[in-house]
Structures are given as structure tokens and as C-alpha cells.
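Geometric and topological summary
The primary structure of each chain is shown beneath.
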Amino acid sequence: MGISDWPAQERPRERLISQGAAALSDAELLAVFLRTGVRGKSAVELARDTVGRFGSLHGLFGASLKDFSSVHGLGPAKFAQLQAVMELARRAIEEELASGQSLASPQAVKAYLRLTLSGQAHESFFVLFLDVKNRLIDTKEMFRGTLTHTSVYPREVVKEALARNAASVMLAHNHPSGAPEPSESDLLLTRSLMQALALVDVRILDHFVVAGRQVHSFAEHGQL
């Protein structure tokens, strides 16, 4: 039975409109995105199988085109649409951060970093540059490395901060291994960056480690 044959009050799209997106399950939300199923499967069944195939929405969002297209009924067009939706979400949160109103809320920063860094197969190091009122000036991926190591050069971070006339920065990197706790090298790097940036009167407000849906804040754990 296709979704069009379901009672109207049970269809995901109609429920989303009447009750709000939060009322839908992960599979139902994905079904609204997919719109149609495949022979023998409704969009909800296809969505449920897809989430199961990748283990979670996080796993789905981080899937490569090859893995995504390995699911019958999915392909490059849907992959491109999903990437576009994720990029729109990233830009919407970035606009909110740039407004200067939400940097007081670590949750907004964490949501942006989850969208930006989680799911990557390589380790990336990002810097968020802020003005004197803690408004976001710019975000830049400074370094990209392997699964286990990224070479971060303090002088490059200092140069970029000076170029933007930043008063402070937030640091962020991901752990593709899935463990959010900072390593000893992460702690040493942070101290080195703090010392280098202090010479030009730029403060580090926080350093975040993103591992899947988990985000570790150095500031919240007294590690700055």
C-alpha cells in the first residue's frame, strides 16, 4: 500500500503540516524528503530501511555518493538534494551566529559544528573569528589531515586572526574515530595557540572537539 492510500491524518507530509516536524520520526522526516518509494516499498519503508542501512541519520548524512547510491531507489539526484539541504542548514545557522545574538548559546555553536564537521572521514581544524562584540566575522578550515593527525601551525592562525582584525577566536576540530575527549596533543596544541594569540591580544573563547553527534567543549570542562 502506497502512502497515498493511507488515511490523510497518518501521512507524514500531512502530519508535518498539522502537527509540526518534531512530531515525525526520523524515517517519516526522511520519507517527506524522498517523496516516493520504490516498487514494493512506500517512501516510509524505504526511509526506514535507509536509516537502518547507515545506522543513523548521522551515518546517512556522512555517506559518500557511492554508498548512498548503493541503496535501491537512491542516486546522484537525491544525494545532491540532501547535500543541498545540509548546506542550507549550515548557512542558516552561520547567519544566526553572525547576527551576534546566539554566540551566548553554546548549543547554537555546537549545532553549527555538528553540521560542519561530523561525518567527515578526515580530521579538520576550523577557526571561528569573532569581533570585539563576539559577533562572527568568518569561519575558515585552516588545516586538514588524516584520520589521526592534523598539523596545525600557530603562526598561520595568528596571521589569519590579524588579517580579520579578530578580537577572539573559537577553535574546533573533529575526531573521526568517534571519541570526543581531547587527547594530550589537543591540550598541548590549545596551550600553544593560546600563547601565540595572546602575543597579539587575541583570546581563545573555546575549543570544541566534534565526534559524531557529541561535542566536547574545553571551556565547559575547565581546560582553557
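Anything mentioned here points back to the structure above.
Scope of this entry: the structure provided in the associated data block.

**Section: helix α9 (residues 184–198)**
Taking 1.5 Å per residue as the helical rise, α9 with its 15 residues ought to reach 21 Å, and the 21 Å between its terminal C-alpha atoms agrees with that figure. Buried residues in α9 make contact with β1 (124–130), α8 (154–163), β3 (168–174) and β4 (203–211).

**Details of the sheet that holds β1**
What the 5 strands build is an open sheet, ordered β2-β1-β3-β4-β5; its pairing is mixed. Looking at which strands have only one partner, the edges of the open sheet turn out to be β2 (136–144) and β5 (214–217). For this sheet, the mean angle separating the axes of adjacent strands, direction not counted, is 20°. Bridge analysis of β3 against β4 gives 7 bridges, and the strand direction is parallel. Paired with Ser168 across the two strands is Arg203, which belongs to β4. Strands β1 and β2 of the sheet are contacted by α8, whose axis makes an angle of about 160° with β2.

**Side note on the pairing of β5**
As paired strands, β4 and β5 are joined by 4 bridges and run antiparallel to one another. Bridge pairing in β5 links Phe208 to Ser217. Here β4 hands over to β5 after 2 residues, with Gly212 in that stretch at a positive phi of 65°.

**Examining the layout of surface pockets**
The space that makes up the largest pocket amounts to roughly 510 Å³. In this structure, the largest pocket is lined by 20 residues; those nearest its centre are Leu57, Phe61, Met86, Leu115 and Arg213. When residues of the lining of the largest pocket are traced back to their parent elements, those giving at least two are α2 (26–34), α4 (57–61), α6 (76–98) and α7 (106–117). Within the lining of the largest pocket, the residues separate by chemical class into 11 nonpolar, 6 polar and 3 charged.

**Looking at the packing of aromatic side chains**
Counting across every chain of the model gives 3 aromatic pairs. Here the aromatic rings of Phe125 and Phe143 are separated by 6.2 Å at their centres, their planes lie at 50°, and the arrangement is tilted. Placement of the pair is Phe125 in strand β1 and Phe143 in strand β2, with a sequence separation of 18 residues. On the basis of relative accessibility, which here comes to 2%, the residue Phe125 falls in the buried class. What makes Phe143 buried here is its relative accessible area of 11%. A ring pair is formed by Phe143 and Tyr153, whose centres lie 6.0 Å apart and whose planes are at 65°; its orientation type is edge-to-face. Of this pair, Phe143 sits in strand β2 while Tyr153 sits in the loop between β2 and α8, placing them 10 residues apart in sequence. Feature note: the residues Phe125, Phe143 and Tyr153 constitute an aromatic cluster, connected by ring pairs. Of note, Lys78 hangs over the ring of Phe33, and the distance from its end group to the ring centre comes to 5.7 Å. The ring of Phe129 has Arg164 lying over it, and the distance from NZ or CZ to the ring centre is 4.6 Å.

**What about the nonpolar core?**
Residues Leu30, Leu34, Ala47, Leu60, Phe68 and Leu82 are the most contacted members of the largest nonpolar core, which totals 20 residues. When residues of this core are traced back to their parent elements, those giving at least two are α2, α3 (43–54) and α6. Ranked by the residues each element gives to this core, the list is headed by α3, at 6 residues. When residues no more than four places from it in sequence are discounted, the contact partners of Leu82 are Phe33, Leu60, Phe61 and Phe68. Of all hydrophobic cores here, the second largest spans 18 residues; its members include Val152, Ala166, Ala196 and Leu197.

**Observations regarding the pattern of salt bridges**
What the rule picks out here adds up to 8 salt bridges. Salt-bridge contacts for Arg144 lead to Glu141; the nearest nitrogen and oxygen are separated by 3.0 Å. Glu141 sits in the partly exposed class, given a relative accessible area of 27%. The salt bridge involving Arg164 is made with Glu160; its shortest N-O contact spans 2.4 Å. Given a relative accessible area of 14%, Glu160 falls into the buried group. Connected via shared salt-bridge partners are Asp138, Lys140, Glu160 and Arg164.

What counts, and at which threshold
- Residues numbered from 1 in each chain as written.
- Predicted model: local features only at pLDDT ≥ 70, side-chain atom pairs only at ≥ 80, totals over all residues.
- Heavy atoms only, no water.
- Helix = DSSP H or I, 4+ residues; strand = E, 2+ residues; numbered from the N terminus.
- Expected span 1.5 Å × (residues − 1).
- Contact = heavy atoms within 4.5 Å.
- Pairing = 2+ DSSP bridges.
- Axes fitted to C-alpha atoms, helices over the stretch in contact; angles between N-to-C directions.
- 1 Å grid on protein atoms, 1.4 Å probe; cavity = no way out; pocket = protein on both sides within 12 Å on 5 of 7 lines; lining within 4 Å.
- Points joined across faces, edges and corners; volume = space filled by probe spheres on them.
- Nonpolar A, V, L, I, M, F, W, Y, C, P; charged D, E, K, R; others polar.
- Phe/Tyr/Trp six-rings, centres within 6.5 Å; stacked < 30°, edge-to-face > 60°.
- Buried < 20%, exposed > 50% of the residue type's maximum accessible area, 1.4 Å probe, protein only.
- Lys NZ or Arg CZ within 6 Å of the ring centre and 35° of its normal.
- Core = buried A, V, L, I, M, F, W, Y, C linked by side-chain atoms within 4.5 Å.
- Salt bridge = Lys/Arg side-chain N within 4 Å of Asp/Glu carboxyl O.

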